[in-house]
Amino acid sequence: MANLVSYIVRKLLLAIPIIILATFIVFLMLHLTPGDPALRLVPPRHTSQDVEDAREKYGLNESLPVQYASFLWRLLHGDMGTSVTTFTPVDIMVFNRLPRTLELMAIGLTISYSIGIPLGIFSALRQNSVADRGVMVFTLIAYAMPSFWLGIMLMLIFAVKLHWLPLGGTVGGFASIILPTITLGLGNSALTTRMMRSSMLEVLRMDYMTQLRSRGLPEREVIFKHGLKNAILPVITVIGLDIGWFVGGAVVVETIFSWPGIGKLLVDSIQNADFPVVQGCILILAMFVVLGNLLADILYAYVDPRVRLG
Amino acid sequence: MILRRQLNNLMISWKGARGFRRTMLDIVVRGSRNPMVVIGATIILVMVALAILAPVLPIADPTPPEVNPGEKLLPPSTRHWFGTDNIGQDVFSRVIWATRVSLTVASLAICFSLMIGVILGLTAGYFGGAVDYIIAGTIDLFWTFPAFLLALALAAALGASLTNVIIAISISFWAGFGRLMRGQALTVRERQFVEASRALGAKNSRIMFTHVLPNCIAPLIVWASIGVADAITIESSLSFLGAGTPATTPSWGNMLNLGMPFISEAWWVATFPGVVLLITVLGFNLLGDGLRDVLDPRMKGLRR
Amino acid sequence: MMPRRKPIIEIRGLRTQFIMREGTVTALDGIDLIIYENESLGIVGETGCGKSMTAFSILRLVPTPGKITAGSIRFKGVELRKLTEAEMRSIRGRLISMIFQDPSTSLDPVFTIGFQLGEVISLHQHVYDQSVLNKKILEMLKLVRIAAPQSVVKQYPHELSGGMKQRVMIALALSCNPSLLIADEPTTALDVTIQAQVLRLLKDLVKKSGSSMMLITHNLGIVAETCDRVCIMYAGRIVEIADTHELFEKPQHPYTKGLLTAFPKLGEQREELSVIKGTVPNLMKPFPGCSFVDRCDFATDECRRVRPSMIEVAPDHFVSCHLYRGGGEGDRVG
C-alpha cells in the first residue's frame, strides 16, 4: 500500500510540468499573432481608453516573464479574465458549463468501454473467424469516420428523418443526451476494441494460461478471471489517451448538437473573437486531460502490482 | 590521402543508400501481398490523382463567380452528381477540389512533423545524457497533450488560414515521430556497426543518417501513413469548427459546416463530403495498419 | 529382480500431430511408455524431440492446432482420451500436476501467491473456510522450504526470486497430493547455484509423498542424480529406456552413446568435444525407417526402410534399433 501512495505522489508531481506547459501555451496564445495584444482583450466596439484600461488590467506593459508570472498569479486566484462579449467573469461562464461537458464525457466513455471491451474479448477468443474479421472491419471504418460526420449522419437519420430524437440542445431532457454521447462513444469504441483484442491475444498466448489449466481450473475462470485481469491492463493505460481524444471530440459534438458545454462555449467564443473566454476554455480542457491521465495512472497502479515499484 | 578519405565516405554513404533501397524494395514486395496495403494504396492513389488532376477534369467550377438562383440546393442528378449547395455550387466538383486542400495540408504538416521529430528524436537517442533528458522530456509533454486541442488552440490564436493549420498540426504531431526515432536510435546505437563506423572516423551526423536512419524507415512509413490520416481528420475538424481552412476554399470540413443547417432539406450537401473524407482517411489507415502487419505485427509501442 | 510394480501411466502408440496449412508436423510418432508407482522417470532428448509434448498429451493440454491423433493413455487403468473435459479437469492439478520450465512466465503476475495457492486448494479439496485455507497454504509453503511464508503469501510473483518462484510452482503442483508429478525442465531457467537446491527439494518431496515423477530434461547429469529410470527420445520417438545406472553403464542405442560421450566427465582429458553429426530431421516429412538414420554411424539399408521396434536387450532395458535382435518382437514395453 505504501508503494501505491508514493506512486500517486510521484505522478502528481510529474503532472505539474504539464499543467505549467498548458498555462504557458494559453498565455502565449495572446502574443502569437502580430498586432496589439490588448486589442484582443476589448470588445469589438471600444474606445482607446478601453484599450488602455485593458493594458493596465492585464499588465501588458510589463515584460513577458513578468506578464506570465502575473498571469499565473491571477489563475491561482481563480481570475481568468472577463468576457468581452458578455462582460461576465470567464471562470463563472466556464464552471457553469462544466457539468454538461462532464456528463457527455462520462457517458461517452462508458458507452465506448461497454462496447469496446466485450467486443474486443469476443473478437480475440474467435481469432480469424468470420466474426473476428467483421469486428476488424467495423473498427477500421469506425476509426476512420470523423466524429462530426458521424454526428451529422446520426442526426440526419434519427432526428430529421425518423423524428425519434431531438435535434439538439438540452430541451428534450434525457433523449437529447443520446445522440451526442453515442457519437462520442461509438467513435472511440473502435480504439478500445482493437486495444482489448490485441491485449487479449497477447495474454492468451502466455505460458501461465496453460499452467493455470494444468491446475484443473475451469476454462471460464482461466479466461475471464485470470486472462481478463491481465489483458485489461494495457487498455487501462490507454484511458489517459482516450480522455484526450474525448476532450477534442466533445468540442466537436457539442457544436453539432448545440450541447451547452465548454466545447460549444469554446467554438462560439472563437467565432466571436472573445479571447479571454477562449483562453479559459482551453485551459480548463487541458486540465481535464491532465487530471484524466492522472486518474488513469492511479487506476492502473491499483490494478497492476508490478507498476508500483518503478 | 584526401582522395582516399573521400572514397571512404562515398563507400559508407553508398552502402547506406543501398540498404535503404533494399529495404524499400522489400517493403513493396511484401506489402503487395497484404490486402489492406493494396486497398489502402489504391484509395490513396485515386485520391491523389483526383487532387492533382482537378484543374483539368471536366467538372464544374467549384467557386463560380455568379450563380443562377435556380441552382440552389438541387438534389443529386445526372447534371450534378452530388447535388448543389445553398449557394448553388456543384457539390461533386467542390468535393474533388477539397481533396487538394486536405491532402496538401496533411502531407505538408506530416512532412514538417517528421523532419522535426526525426531530427530531435535521433539526436536524443543517439547522444543520450543531458541532451536526451531534455528532448525526451519535451517529447513526453507534447505527447500527452491532445493533438486536436493543441491544434485548435494554435489555430484559434493564429487565425484561420491554411498555413496556420499546417503549423498547428505540425506542432501537435512531431512528438509521435520524435518518440519513435528516439526509441529506434537508442536500440541501433548499441549495435556494432555503429561502433565500427565511429572507429573508422565517420562523423556523428553521417552515422546517424546513413546507418541509423535506414533501419528506422519501416516504422516511420507506418507512422507517417497513420499520421496523414489523423492530420486529415484534424484539418477537417478544424475547418468544420471554423478554425481551419477559410470558408472561401472548399474543404471537406467546412463543406460539412455549411451543409449542417440545411440537413433537413438538403441531406446531400453534408453527406457526400463526409463519405469521401471517410474513404480517404480509411485509405491511409489501411495502408498504415497493413504495413505495420507486414513489417512487424508486434509494433505495440506505436499507439496513436 | 525387482518385483513388478503397479503402473500409473500406460501409454501405447501415442501419436500427436499439428495439422497446419503448410503441412502436418508429427510431434509424437507412436510412443510406448509405462510409468510405475513410486518411481522417477527421466525423459531426455534434444529440443523439439517431443518431451514436453508427451507431458501435454497426458494432460490433454496440447496447444492448437495440435491433436492427439492415435494411441491410448491409461491413468490407473482409466483411458484418459475417453474422459470428458470436466473429468479431465478434476484430474489436472489433483491427480496429475505439472511444473513448467520458466517460473517467471508460468505464474499469473497479477494475483498474489496466497491467492493462487488458495485457488487450487479450494478447488480440489473443497475447502471454503478461509482460516482452514490459510493454514493449508502456509503448510505448503513451509513444505517447499520457503523462509518467510507469512510475507510470501501476500506477495506477487515478480517480487520473488527465480528459485522461490519455482518452489511456489512445486507447492502448487503438490498441494493436492498428486499421484504423478510432471516436471518440465524445472531447473533450466534457474541459476546454477539454485538448481541443486530445487532438485533436491523435488526429489525429497516426491519420495516422501509416494508420488511418481516424470522429469523432463536435456541434462543427463540431472537424470543421473534424480531418476530411477531414463527414457531417451529422438524426433518424436522413444529410442531407449532403462534403469538409470544400466543406461549409463551399458548404453545401446547409437544416439544414447553419442549423448553420453558428448558430456565430458570429471577427470577426463580431451582434445575436442565430441559431437553427434547432422541435425534433427524435419518432423513434417514422414519417413518409414529409423529417424536417426542420417546421423548414425552404423546405419544400414534396412534402417532406412524399416522402423525398428522396441526390443528388450536386457531385463527392463529396451532399445529401438536394428543393431539388436532380442527375444520377443516389441510386445513387451516399458
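Residues numbered from 1 in each chain as written. Chains lettered and ligands numbered in written order. Predicted model: local features only at pLDDT ≥ 70, side-chain atom pairs only at ≥ 80, totals over all residues.

Draft legend 1. Here's a closer look at the overall build of chain C. Secondary structure assignment for chain C yields 12 helices and 12 strands. In terms of overall dimensions, chain C is globule-like: its C-alpha atoms have a radius of gyration of 21 Å, near the 20 Å expected for 334 residues. In terms of overall dimensions, chain C has a C-alpha envelope of 65 × 50 × 45 Å along the principal axes. Here chain C, with 334 residues, has 43% of them falling under the buried criterion. (Helix = DSSP H or I, 4+ residues; strand = E, 2+ residues; numbered from the N terminus. Rg over C-alpha atoms; globule rule 2.2 N^0.38 Å. Buried ≥ 20, exposed ≤ 12 C-beta atoms within 10 Å, placed from the backbone.)

Draft legend 2. Inspection of the interface of chain B and chain A at higher detail. Contacts between the two partners involve 33 residues from chain B, matched on the other side by 37 residues from chain A. Taken together, the elements giving at least two residues each to the side of chain B that touches chain A come down to α4 (129–144), α5 (147–158), α8 (204–241) and α10 (267–295) of chain B. At nine residues, α10 of chain B tops the list of elements feeding residues into the side of chain B that touches chain A. Counted by class, the side of chain B that touches chain A contains 23 nonpolar, nine polar and one charged residues. (Contact = placed C-beta atoms within 7 Å. Nonpolar A, V, L, I, M, F, W, Y, C, P; charged D, E, K, R; others polar.)

Draft legend 3. Geometry of the sheet that holds strand β5 (residues 78–79) of chain C. Residues and elements named next belong to chain C. Read across the open sheet, the four strands follow the order β2-β1-β4-β5; overall the sheet is antiparallel. Edge positions in the sheet fall to β2 (23–36) and β5, since each has one partner strand and no second. Two strands pair when backbone bridges link them, and strand β1 (residues 7–20) and strand β4 (residues 66–75) are joined in this way by eight bridges, in the antiparallel orientation. Each residue of the ladder has a partner; that of Phe-18, found in β4, is Gly-66. (Pairing = 2+ DSSP bridges.)

Draft legend 4. Geometry of the interface of chain A and chain C. Contact residues are listed per partner, giving 18 residues for chain A and 23 residues for chain C. The set of elements that each furnish at least two residues to the side of chain A that touches chain C consists of α8 (207–214) and α9 (219–237) of chain A. Residue composition of the side of chain A that touches chain C, grouped by class: six nonpolar, six polar and six charged.

Draft legend 5. Molecular detail of the pairing of β4 of chain C. Residues and elements named next belong to chain C. For β4 and β5, the ladder comprises two bridges, and the chain directions are antiparallel. Counterpart to Arg-74 in the pairing with β5 is Glu-79. Counted between consecutive antiparallel strands, the loop separating β4 from β5 contains two residues, among which Lys-76 sits at a positive phi close to 50°.

Draft legend 6. Summary view of the packing of helix α4 (residues 113–125) of chain C against helix α7 (residues 162–174) of chain C. Residues and elements named next belong to chain C. At a minimum axis separation of 9 Å, α4 and α7 run at an interaxial angle of 20°. Classed by the angle they form, the pair α4 and α7 counts as roughly parallel. Here α4 runs over α7; the crossing is right-handed. On α7, the residues touching Ile-113, Gln-116, Leu-117 and Val-120 of α4 are Val-168, Ala-171 and Leu-172. Taken together, the residues of the contact of α4 with α7 sort by class into six nonpolar, one polar and no charged. (Axes fitted to C-alpha atoms, helices over the stretch in contact; angles between N-to-C directions. Parallel < 35°, antiparallel > 145°, perpendicular 65-115°, else oblique. Left-handed = near helix turned anticlockwise from the far one by under 90°.)

Draft legend 7. View of the confidence of the model for chain C. In the predicted model, chain C carries a mean pLDDT of 86, and 92% of its residues have values of at least 70. Note on the complex model: pTM 0.82, ipTM 0.85. (pLDDT = per-residue confidence, 0-100.)

Draft legend 8. Seen up close, the packing of helix α4 (residues 90–125) of chain A against helix α7 (residues 175–204) of chain A. All names here are of chain A. Contact pair α4 / α7: the axes reach a minimum separation of 5 Å and the direction vectors enclose 35°. Note that α4 runs across α7; the crossing there is right-handed. Classifying every residue of the contact of α4 with α7 gives 18 nonpolar, 11 polar and two charged.

Draft legend 9. View of the sheet that holds strand β6 (residues 96–99) of chain C. Residues and elements named next belong to chain C. Strand order in the open sheet made by the eight strands is β6-β7-β8-β3-β9-β10-β12-β11, with mixed pairing throughout. Edge strands, defined here as strands with exactly one partner in the open sheet, are β6 and β11 (310–314). Strand-to-strand twist across the sheet, computed as the mean angle between neighbouring axes with direction ignored, equals 20°. Alignment of strand β3 (residues 40–44) against strand β9 (residues 229–234), held across four bridges, turns out to be parallel.

Draft legend 10. Representation of α7 of chain A within the structure. Relative to the 44 Å expected for 30 residues at 1.5 Å per residue, α7 of chain A spans 41 Å between its end C-alpha atoms, a close match to the ideal helical length. Its maximal kink placed at Ser-189 of chain A, α7 of chain A deviates by approximately 30°. (Expected span 1.5 Å × (residues − 1). Bend = angle between axes of the 7 residues up to and from the residue.)

Draft legend 11. Geometry of α5 of chain B. Taking 1.5 Å of rise per residue, 12 residues should cover 16 Å, and α5 of chain B covers 16 Å from first to last C-alpha, within 8% of that figure. At the exit of α5 of chain B stands Gly-159 of chain B, carrying a positive phi of roughly 95°.

Draft legend 12. Broad picture of the environment of Pro-219 of chain B. Relative to the elements of secondary structure, Pro-219 of chain B occurs in helix α8. Between the C-alpha atom of Pro-219 of chain B and that of Leu-295 of chain B, which follows or precedes it by 76 residues, the distance is 8.0 Å.

Draft legend 13. Local environment of the confidence of the model for chain B. Residues and elements named next belong to chain B. Averaged over chain B, the pLDDT score is 79; the fraction of residues at 70 or greater is 80%. Across chain B, helix α2 (residues 35–53) holds the top mean pLDDT of 89, while helix α1 (residues 2–31) sits lowest at 62. Low pLDDT, under 50, characterises residues 298–304; the predicted model gives this stretch 12 contacts beyond four residues in sequence or across chains.

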